[in-house]
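Structural overview for review
Each chain, letter by letter, is given below.
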Amino acid sequence: MSACQTETDNLPSVGSVNDADIGKIVQQIAHMLPSQGPITVFVHHNTLHAYEHLPFSEAVIKAADDYDCHPYLREEDYRVALQSGRIAPIDLERELHEVLEENGDDLVGFLGTRHDLWMSMIEHPLHEGSEGEIRWFIEETDALYRFRREVPSSQSQESVFHIKQWLTDRAQSQSGDDCPIGSALSLLLDRFDGSQISEWAHEHATAFSLHLLWETCRYGSSLIAPATSNASCAIDTNSADDLVNDVLIRFTAAFLDQGFAHLGLPHRGRGFWQSFCDLYSNAAAPQPWLQDVARRLRDFEAEQTSPEQSIATSLRNLAVDIDSADSFLLEELLKLRGWAGMVWQMETNAEWTIHPAPPGTLVDFTAVRLVLLEAARRHIAKPAVKQALPPTPCRKLNRAFLVFQIAQVRGWSAVDLLQLTRREWGSLLAEIEAFDSRMRRRIYHQAYERHYRVEALKAIAKSSLESSRSQRTPQEPAYQVACCIDDREESFRRHLEEVAPDCETFGIAGFFGVAMYYRGASEAHFRPLCPVNIKPVHYITEEPAYSEVAASRRRSLARKAFGHTAHRVVRGSRSFVGGVLTGLLGSVATLPLVMRVLFPRLAARVSNSFGGIVADRHTQLRLESGDEESSQCRGYTVDEMTAIVGGFLDATGMTGRLSPLIIVFGHGSSSLNNPHAAAYDCGACGGGKGGPNARAFARMANDARVRARLATLGINISDETSFVGGYHNTCNDSVSYFDLDLLPPRRRSLLELAFADIEVARRRDAHERCRRFESASLAFSPEAALRHVEGRAEDLSQVRSECGHATNTICVVGRREWTRGLFLDRRAFLTSYDSTIDDSDCSILAKLLAAVIPVCAGINLEYYFSRVDNRGYGCGTKLPHNVTSMLGVMDGAGSDLRTGLPWQMVEIHEPMRILFVIETKPESMLAIMNENPTIDGLVRGEWVQLSLIDPNTGAIALFRNGKFECFEQSPADLPEAASSAAWYAGNRNHLGFAIVNSTNAIKAKRVSA
């Protein structure tokens, strides 16, 4: 693997053997490692975060070389999209024009223009392979007897006629020495009875024409030496890395263990390096090569060698050149990049975990790896054996096969190619090699994105026109609902607006500004509930209500007793006697497992009934500063709560138009036997559930002191307005509410009305989700769909509990009126923002985008890379995964720690860069980009797509080539449907945009009690 110099170009040389320099090298190399933290708090991020300083098209190619991964989907996948209409031929034409610019009209000999040549290569599948594969294909298939299926019959007939005419002319002129492939031609004429050319049947003439074309392509390709392949020419076939990885994986898993292991690692508190030395220097080594490691470690202990000194010594012993030391270290760490990345995350970004890694652990990890590598290579007792890789697609036979395929679809006959000079052959082959598979996939991908982008922007333009005409947004909403911006909430909000047109919904980051460490009443430890780039300073706990304190103590003791009993049973089953009893009683123990698979909803009810005995029924949040009993329970001051509530109202645009009832929904997901469960939870809550944040916010917003202070800032919340915190489970579509007893009685009738609407909406939401599940019938009713998703969430064998973000493509930041009534197919992040209440500097928008763009881009890019190469960038299928150290998953009993997303989360995903549609003007957006380097880098580096919608006119501008350009497409002529269900009925695939008419006529305002 080629060493990546992305972050190491300016590093100091290791030749000085300076401890500080080595530490600096390792720390900078760490930037190239995966940044996925513990899987229990899964946070989506850009898989190629280390390459964000490069443009996207360059970054994916460089990373593909460094990590041996794919930059885009396979060509076959894009051709399927072309056939299904997800890519249109005009999209390919326009992308090709943009790439070629004025060079597209350059002639390639007399065979046509560069644009025509490249277009033919991208319109039709081109097969490549090793020489053995090509020889088999030529000899064992009808490739030399039938033209490709894509070739029109008229074109093939013309080509055959051309060859017959040429042969006839040659025979009449008796010219036989002017053909560059004269000997091959003579053999073919003998084989195909060249004396009877005029009597050849069409099939006979076709076979001769293709045989001659193949011989001509072979001849022309042999005239020019093949270009040098970018692939590595050798691989290391020794087993040193296998020996090293086997030891290092087991030790690292034990060192980072968060409570999963039966026994703790000895001397863990002394650090990774010292713990390894203590364990492996004194233990009886079961393998001879580890005895060498033990002797080496004892020497290090006697000399008090530091990890940095050990690294320097190992580099010298391994004969690593000074100038390549940084590259060598990077290459070694990338051999177990999952574990190395987790070590770095546990060292730098996991202070809240039970057992974080101490500073310097990655340096220790590197030192241990090199010590093991030295010993393993000495044990093998021979240098690394180099073996040539399989023939690469740039060899002569492969080039001839490419020309053979292109000639057929372009209509070139052997006669045409035989007229080419050596120079013209060189020009043709250079053009073909320049447009290699990676370049073709890049064009395909950009056309793929273009098609969706154009359709989306045209649909939004049409939707905004319809909204202005029909006034689909209620002027005086009966109640309002705020949800997370999550794309899964798009359908929930849409269905609620269909059920209750006089309801208004909003989208905001699902931690609602309440950044905190949170510990539930039945939880032992705090966990952060906020975006990963925020470090909370508040510790909030849930505790039983005062009247429940005594009962809560009894339930707490019961939970502890049950936990200790279960733990003893598990430990006892690992003993001899316990194993015998487990075998005898195993059939009884399998009953709950069978219930979880065959009757998941019933099993869940039984489990919940039992859980209700030991769970606290009435709880409250210890939220306010001054309520805490220790420094670790620091709550919020009134001023801090005021800032949070005010920021929420400003960001959503709700200021000045509050309804009597506002429900704030956090969200999360629940499923069984799912190591990646946190990846389905709220990204804005750091992979946690957003219910506590919604509950805390509602309490803050209902506080009279907070409202009084907001009034002094010009934000008035009427005494008639009540906030309710809620929780939406996106897996089983259940909803729950918090602290309803604290609401004034006068709100109950309106609350019951909202509850009834939400009950209908969540059933419809489950119904729409079920169309993606093969196990769900398309004829399900909403009630049957709800039962189905409830069963999936409780099914022990279910590997596809829900689809997560697997359809995300777009993020709209603006007023709901732009998209209300528009079917977005659960593909859109919806962020509320009202430009009419923002100041001239767009300070509200700047704060919103500072979180929205990086977070949504991180989610989108992780899904992108996990889908285009699920083996390399993702973690493969869930089926062989084993949870390791409560940190992540491995394949089977031992492998690198698998990072990224499993196949079951991304299999229906269409990987394309997210399209942001933001309500603002170009000059305002450029000012925000200039002030925020992260946003500027993502946009200018084309990691995301950006478009703006003018707040006043609705005109759309698209950021292309470093500037905003007017989007000149006319609004789409969208189909209309009476409801969402009417539009998606009977369809499991991605759907286009449509206008849902149920919200066109606003119902008469419902009068609340």
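Residues numbered from 1 in each chain as written. Predicted model: local features only at pLDDT ≥ 70, side-chain atom pairs only at ≥ 80, totals over all residues. Heavy atoms only, no water.

**Focus: the overall build of the protein**
A tally of helices and strands in the protein yields 34 helices and 22 strands. Looking at the protein as a whole, 55% of its 1009 residues are labelled buried. Put simply, the protein shows about 43000 Å² of open surface, and 52% of that area lies on carbon and sulfur atoms. (Helix = DSSP H or I, 4+ residues; strand = E, 2+ residues; numbered from the N terminus. Buried < 20%, exposed > 50% of the residue type's maximum accessible area, 1.4 Å probe, protein only. Areas by Shrake-Rupley, 256 points an atom, 1.4 Å probe, with all protein chains shown as cover.)

**A few points about the sheet that holds strand S7 (residues 539-544)**
Sheet architecture is open: 4 strands sit in the order S6-S5-S7-S8, paired in mixed fashion. Two strands close off the open sheet at either side, each with one partner strand: strand S6 (527-529) and strand S8 (619-622). On average, each strand axis in the sheet is inclined to that of its neighbour by 35°, with strand direction left out of account. Bridge analysis of S7 against S8 gives 4 bridges, and the strand direction is antiparallel. Following the sheet pairing, Pro-544 is matched in S8 by Thr-619. Strand contacts of helix H26 (residues 691-702): strand S5 (516-519), S6, S7 and S8, with the helix running at about 75° to S8, the strand carrying the most contacts. (Pairing = 2+ DSSP bridges. Axes fitted to C-alpha atoms, helices over the stretch in contact; angles between N-to-C directions. Contact = heavy atoms within 4.5 Å.)

**So, the side chain of Glu-498**
Within the fold, Glu-498 resides in helix H21 (residues 488-499). Judged by relative accessible area, Glu-498 falls into the buried class, the value being 8%. Among the polar contacts listed, one links the side chain of Glu-498 to the side chain of Ser-980, at a separation of 2.3 Å. (Polar contact = N/O pair within 3.5 Å; in protein donor to acceptor, adjacent residues only side chain to side chain.)

**Brief notes about helix H15 (residues 337-348)**
When the terminal C-alpha atoms of H15 are compared, their 16 Å separation across 12 residues agrees well with the 16 Å that a helix rising 1.5 Å per residue should span. Across the 12 residues of H15, 11 count as buried, placing the element largely inside the fold. Every buried residue of H15 is accounted for by Arg-337, Gly-338, Trp-339, Ala-340, Gly-341, Met-342, Val-343, Trp-344, Gln-345, Met-346 and Glu-347. (Expected span 1.5 Å × (residues − 1).)

**Concerning the environment of Leu-290**
Looking at the element boundaries, Leu-290 is found in helix H12 (residues 288-303). A relative accessible area of 5% means that Leu-290 is categorised as buried. Between the C-alpha atoms of Leu-290 and His-379, which are 89 residues apart in sequence, the distance is 9.2 Å.

**Some remarks on a nonpolar patch on the surface**
Nonpolar side chains collect at one region of the surface, where Val-594, Val-597, Leu-598, Phe-599 and Leu-602 lie side by side and expose about 440 Å² of accessible area between them. The biggest single contributor to the nonpolar patch is helix H23 (residues 576-598), with 3 residues. Turning to its location among the elements, Phe-599 is positioned in the loop between H23 and helix H24 (600-614). (Patch = residues over 30% accessible without salt bridge, like charges linked within 9 Å, V, L, I, M, F, W, Y side chains within 5 Å. Salt bridge = Lys/Arg side-chain N within 4 Å of Asp/Glu carboxyl O.)

**Concerning the sheet that holds strand S9 (residues 661-668)**
On the basis of which strands lie adjacent, the open sheet formed by 5 strands has the order S4-S3-S9-S10-S11 and mixed pairing. Strands at the two margins of the open sheet, each flanked by one partner only, are strand S4 (503-508) and strand S11 (735-737). When the angles between neighbouring strand axes are averaged without regard to direction, this sheet yields 25°.

**Notes on the packing of aromatic side chains**
What characterises a pair of aromatic rings is the spacing of the ring centres plus the angle enclosed by the ring planes. Applying the stated criterion to the full structure yields 33 aromatic pairs. Pairing Phe-959 with Phe-964 gives two aromatic rings, centres 5.0 Å apart and planes at 70°, and the pair type is edge-to-face. With relative accessibility at 10%, the residue Phe-959 sits in the buried group. You can call Phe-964 buried: its relative accessible area is 18%. Three or more aromatic residues joined by ring pairs make a cluster, and in this case those are Tyr-51, Phe-56, Tyr-67, Tyr-864, Phe-865, Tyr-873 and Trp-943. In this structure, Arg-792 packs its charged tip against the face of Phe-773, placed 3.7 Å from the ring centre. (Phe/Tyr/Trp six-rings, centres within 6.5 Å; stacked < 30°, edge-to-face > 60°. Lys NZ or Arg CZ within 6 Å of the ring centre and 35° of its normal.)

**Thoughts on helix H13 (residues 307-317)**
Within the span of H13, buried status applies to Pro-307, Ser-310, Ile-311, Ala-312, Ser-314 and Leu-315. Just beyond H13, the residue with positive phi is Ala-319, at close to 60°.

**Describing the pairing of strand S16 (residues 888-891)**
Side chains on a regular strand alternate between the two faces of the sheet. The pairing of strand S15 (residues 881-884) with S16 spans 4 bridges and is antiparallel. Opposite Val-883, over in S16, you have Val-889 as the bridge partner. Taken together, S15 and the strand that follows it, S16, pair antiparallel across an intervening segment of 3 residues, in which Ser-885 is found at a positive phi of about 60°.

**Observations concerning the pattern of salt bridges**
In the structure shown here, the tally under the stated rule is 60 salt bridges. The shortest N-O distance in the salt bridge between Glu-332 and Arg-369 comes to 2.9 Å. With Glu-332 in helix H14 (residues 325-334) and Arg-369 in helix H16 (residues 361-380), this pair connects stretches of sequence that are 37 residues apart. Among the residues examined, Arg-369 registers a relative accessible area of 1% and is labelled buried. Of the charged contacts in the structure, one is a salt bridge between Glu-497 and Arg-820, with a shortest N-O distance of 3.9 Å. Residue Glu-497 is located in helix H21, and its partner Arg-820 is located in the loop between strand S12 (810-814) and strand S13 (822-823); the two are separated by 323 residues in the primary sequence. Residue classification places Arg-820 among the buried positions, given a relative accessible area of 0%. Through salt bridges with shared partners, one network takes in Asp-292, Arg-295, Arg-296, Glu-374 and Arg-378.

**A look at the packing of H15 against H16**
The N-to-C vectors of H15 and H16 enclose an angle of 150°; their axes lie 8 Å apart at closest approach. Judged by the inter-axis angle, H15 sits roughly antiparallel to H16. Of the residues in H16, those in contact with Ala-340, Val-343, Trp-344 and Glu-347 of H15 are Thr-361, Leu-362 and Phe-365. Residues that form the contact of H15 with H16 fall into these classes: 5 nonpolar, 1 polar and 1 charged. (Parallel < 35°, antiparallel > 145°, perpendicular 65-115°, else oblique. Nonpolar A, V, L, I, M, F, W, Y, C, P; charged D, E, K, R; others polar.)

**Examining the packing of helix H25 (residues 638-652) against helix H27 (residues 704-712)**
Orientation of H25 relative to H27, taken along the N-to-C sense of each, is 65°, at an axis distance of 9 Å. Between H25 and H27, the crossing angle belongs to the class labelled roughly perpendicular. Here H25 and H27 pass one another in a crossing that is right-handed. Residue-level inspection shows Val-638, Asp-639, Met-641, Thr-642, Val-645 and Gly-646 of H25 in contact with H27, the latter providing Arg-705, Val-706, Arg-709 and Leu-710. (Left-handed = near helix turned anticlockwise from the far one by under 90°.)

**Quick notes on unusual backbone geometry**
Backbone geometry at Asp-68 places phi at a positive 60°, although glycine is not the residue there. The phi dihedral of Asn-961 is positive, around 55°, even though this residue is not glycine. Mapped onto the elements of the fold, Asn-961 is located in the loop between strand S19 (956-960) and strand S20 (963-966).

**A closer look at the pairing of S5**
One ladder, built from 3 bridges, connects S5 with S6; its direction is antiparallel. Residue pairing across strands places Met-516 opposite Leu-529, the latter belonging to S6. One ladder, built from 3 bridges, connects S5 with S7; its direction is parallel. Following the sheet pairing, Arg-519 is matched in S7 by Thr-541.

**Here's the deal with the side chain of Thr-884**
Tracing the backbone shows Thr-884 in strand S15. If we skip the residues at most four places from it in the chain, Thr-884 touches Ala-253, Trp-339, Val-889, Met-890 and Leu-897.

**Brief notes about the nonpolar core**
Core analysis: the largest hydrophobic core is formed by 260 residues, its most contacted members being Leu-417 and Leu-428. Element by element, the count of residues in this core is highest for helix H30 (residues 843-868), at 14 residues. The contact partners of Leu-417, leaving out residues within four places of it in the chain, are Leu-111, Leu-213, Thr-216, Cys-217, Val-403, Ala-407, Trp-412, Trp-425 and Leu-428. Leu-661, Phe-665, Tyr-737 and Leu-743 belong to the second-largest nonpolar core, a separate cluster that totals 21 residues. (Core = buried A, V, L, I, M, F, W, Y, C linked by side-chain atoms within 4.5 Å.)

**What to know about the confidence of the model for the protein**
Scored by pLDDT, the protein comes out at a mean of 87, with 87% of its residues at no less than 70. For the protein, strand S1 (residues 234-236) is the element with the lowest average pLDDT, namely 41, and strand S17 (residues 915-919) is the one with the highest, namely 98. Note on residues 229-237: pLDDT under 50 across the span, and 19 contacts to partners over four residues away in sequence or across chains. Predicted confidence for residues 999-1009 stays below pLDDT 50, and this span has 29 contacts to residues more than four positions away or in other chains. (pLDDT = per-residue confidence, 0-100.)

**Regarding the state of the cysteines**
Within this structure, the stated rule accounts for 0 disulfides. Residue Cys-530 stays outside any disulfide, its sulfur separated by 8.1 Å from that of Cys-685, the closest cysteine. Looking at the unpaired Cys-770, the closest cysteine sulfur is the one in Cys-803, lying at 9.9 Å. (Disulfide = S-S within 2.5 Å.)

**Some words on the environment of Gly-821**
Structurally, Gly-821 is set in the loop between S12 and S13. For the pair Gly-821 and Ala-994, spaced 173 residues apart in sequence, the C-alpha separation works out to 8.4 Å.

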